[in-house]
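Read off the chains here:
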Amino acid sequence: MSALKKSCIIAAMITAILSTGCTNRYAITHDLEDWISPDRTCKIGAFADELPINTAEGDKPTIEDVAKFKECLTEEIEKYDIINLLSEDTLIPDYEIRGSFLEYKKGSGVVRFFVGFGLGNADCVMTMRLVDNSTGLTVFGGNFRATVSSGLESGDNAYRQISRDFCKQLEKRLKKLRKEQEKAQG
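Residues numbered from 1 in each chain as written. Predicted model: local features only at pLDDT ≥ 70, side-chain atom pairs only at ≥ 80, totals over all residues. Heavy atoms only, no water.

## Regarding the side chain of lysine 60
So, point 1. Within the secondary structure, lysine 60 sits in the loop between strand S2 (41–49) and helix H2 (63–80).
So, point 2. Leaving out residues up to four positions away in the same chain, lysine 60 has contacts with Asp49, Leu51, Thr55, Asp65 and Tyr104. (Helix = DSSP H or I, 4+ residues; strand = E, 2+ residues; numbered from the N terminus. Contact = heavy atoms within 4.5 Å.)

## Description of the pattern of salt bridges
So, point 1. Applying the stated criterion across every chain yields a total of 13 salt bridges.
So, point 2. Its salt-bridge partner being glutamate 96, residue arginine 98 comes within 3.7 Å of it at the nearest N-O pair.
So, point 3. Arginine 145 is the salt-bridge partner of glutamate 103, the closest N and O atoms lying 3.2 Å from each other. One end of the pair, glutamate 103, is in strand S4 (residues 95–105); the other, arginine 145, is in strand S6 (residues 137–148), with 42 residues separating them in the sequence.
So, point 4. Assessed through its relative accessible area of 30%, arginine 145 is described here as partly exposed.
So, point 5. The structure contains a network of salt bridges with shared partners spanning Glu75, Glu76, Lys79, Arg160 and Arg164. (Salt bridge = Lys/Arg side-chain N within 4 Å of Asp/Glu carboxyl O. Buried < 20%, exposed > 50% of the residue type's maximum accessible area, 1.4 Å probe, protein only.)

## Some points on the layout of surface pockets
So, point 1. Volume-wise, the second largest pocket comes out at about 170 Å³.
So, point 2. In this structure, the second largest pocket is lined by 13 residues; those nearest its centre are Leu32, Glu33, Asp34, Tyr95 and Val139.
So, point 3. Across the lining of the second largest pocket, the residue classes break down as 5 nonpolar, 3 polar and 5 charged. (1 Å grid on protein atoms, 1.4 Å probe; cavity = no way out; pocket = protein on both sides within 12 Å on 5 of 7 lines; lining within 4 Å. Points joined across faces, edges and corners; volume = space filled by probe spheres on them. Nonpolar A, V, L, I, M, F, W, Y, C, P; charged D, E, K, R; others polar.)

## Observations regarding unusual backbone geometry
So, point 1. The backbone of aspartate 81 sits at a positive phi, close to 50°, despite the residue not being glycine.
So, point 2. Locating aspartate 81 in the fold gives a position in the loop between H2 and strand S3 (84–85).
So, point 3. Judged by its relative accessible area of 59%, aspartate 81 falls in the exposed class.

Written out as structure tokens, the structure is:
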């Protein structure tokens, strides 16, 4: 086999290996159909555990993990300024963000740092929904995945990435609907 063929085969193998990690981190399952005014109110609701029934208790997200996720989501919502976020003790808001953990692996920063090669990765898949409280219907939602593979990052960065992806996609859809609304009016 010629050196050129060997080089091409090696390049193809490297490309195949690298491209397996380049999949989408989210899939929108309920696309927003109507524009939401930024003065509408929202709060962060419950996030449930929908992990497989045989998941050991120690392999499930803790109360602290859920609180950390909600903290990251709050920060991202405030940063993107897409909806008026209310505190927990307010009246019933117009919308509520709810979700579930579908897959969860806390991982180990020490293993990620010293061993690498995908060992010790933190991985989280969540379904997130923006629910209209007046109808109980999901108006926007999807499944979001984040993996932390660097030993220099905290596993909590998976929560931040999921929160950021949710807010980015909601903001993107709101901007598109606003442009459509302005075009129709004028």
